[in-house]
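Residue-level listing of the chains:
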Amino acid sequence: MYDYIVGVVTRQDEFGIPPENLGIGYRIQMPNPDAFPVSDQRVKVYTYLHVREDIQELIGFPEVSDRQLFEQLIKVSGIGPKGAIGILSGGDTYQVVEAIETEDEKFLMQ
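This write-up is about the structure you can find in this document. Small disclaimer: the values here were computed from a predicted structure and weren't measured.

The rules we used
Residues numbered from 1 in each chain as written. Predicted model: local features only at pLDDT ≥ 70, side-chain atom pairs only at ≥ 80, totals over all residues. Heavy atoms only, no water. Helix = DSSP H or I, 4+ residues; strand = E, 2+ residues; numbered from the N terminus. Pairing = 2+ DSSP bridges. Contact = heavy atoms within 4.5 Å. Axes fitted to C-alpha atoms, helices over the stretch in contact; angles between N-to-C directions. Buried < 20%, exposed > 50% of the residue type's maximum accessible area, 1.4 Å probe, protein only. Arc of directions from axis to C-beta. Salt bridge = Lys/Arg side-chain N within 4 Å of Asp/Glu carboxyl O.

Quick look at the environment of Glu14
Then, in step 1: Position of Glu14 among the secondary structure elements: in the loop between β1 (4-9) and β2 (16-17).
Then, in step 2: In this structure, the C-alpha to C-alpha distance between Glu14 and Met30, residues 16 residues apart in sequence, is 8.7 Å.

So this is what it looks like as structure tokens:
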């Protein structure tokens, strides 16, 4: 539904960031909230809208490739959005892809 949101990161916590755009702060969960430090600069956050019967949440990524990897991860049986966020929080996209290709279970489980 939302491809990306452009806004100013007004604060961050361990779960994510709320970029402000036109007076609206969007609550966005992120694998690595430090990817977007608090500043006056506008940033582009690529998003994935996760919808269940009891929740709707935005998950954000600094790059389209990160979102694409997330989408591939949640297609794997037994890996949901929270698991995929956990895997992606362990390193950058290239480290995660390498760990999957080399079947590095230790890296993926950390």
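Observations concerning the sheet that holds β2
Then, in step 1: One open sheet accounts for seven strands, arranged β2-β5-β7-β6-β1-β3-β4; its pairing is mixed. Bordering the open sheet on either side are β2 and β4 (24-25), each of which pairs with just one other strand.
Then, in step 2: Sheet strands touched by helix α1 (residues 64-73): β6 (42-52) and β7 (55-61). Its angle to β6, the strand with the most contacts, is close to 15 degrees.
Then, in step 3: Along the sheet face, helix α2 (residues 81-88) touches β5 (28-29), β6 and β7 and points at about 20 degrees away from the line of β7.

A look at the side chain of Thr47
Then, in step 1: As for its position among the elements, Thr47 is in strand β6.
Then, in step 2: Discounting residues that sit within four places of it in the chain, Thr47 has contacts with Tyr2, Asp3, Tyr4, Ile5, Ile28, Leu58, Ile59, Gly60 and Arg67.

Focus: the pairing of β6
Then, in step 1: Sheet topology note: the β1/β6 ladder contains five bridges and is antiparallel. Looking at β6, one finds that Tyr4 is bridged to Tyr46.
Then, in step 2: Strand direction decides the pairing type here: β6 and β7, joined by seven bridges, are antiparallel. The residue of β7 that forms the bridge with Tyr48 is Ile59.
Then, in step 3: Between β6 and the antiparallel strand that follows it, β7, lie two residues.

Looking at α1
Residues lying three or four places apart along an α-helix face the same way, a consequence of the helix completing one turn every 3.6 residues.
Then, in step 1: Taken together, the buried positions of α1 are occupied by Asp66, Arg67, Leu69, Phe70 and Leu73. Take α1 and look down its axis: the buried residues cluster within an arc of 160 degrees, on one side only.

Observations concerning the pattern of salt bridges
Then, in step 1: Scanning the model with the defined rule gives three salt bridges in all.
Then, in step 2: With its nearest N and O atoms 2.8 Å apart, the salt bridge here joins Arg67 to Asp3. Here Asp3 lies in the segment before β1 and Arg67 lies in helix α1, a separation of 64 residues in the sequence.
Then, in step 3: You can call Arg67 buried: its relative accessible area is 10%.

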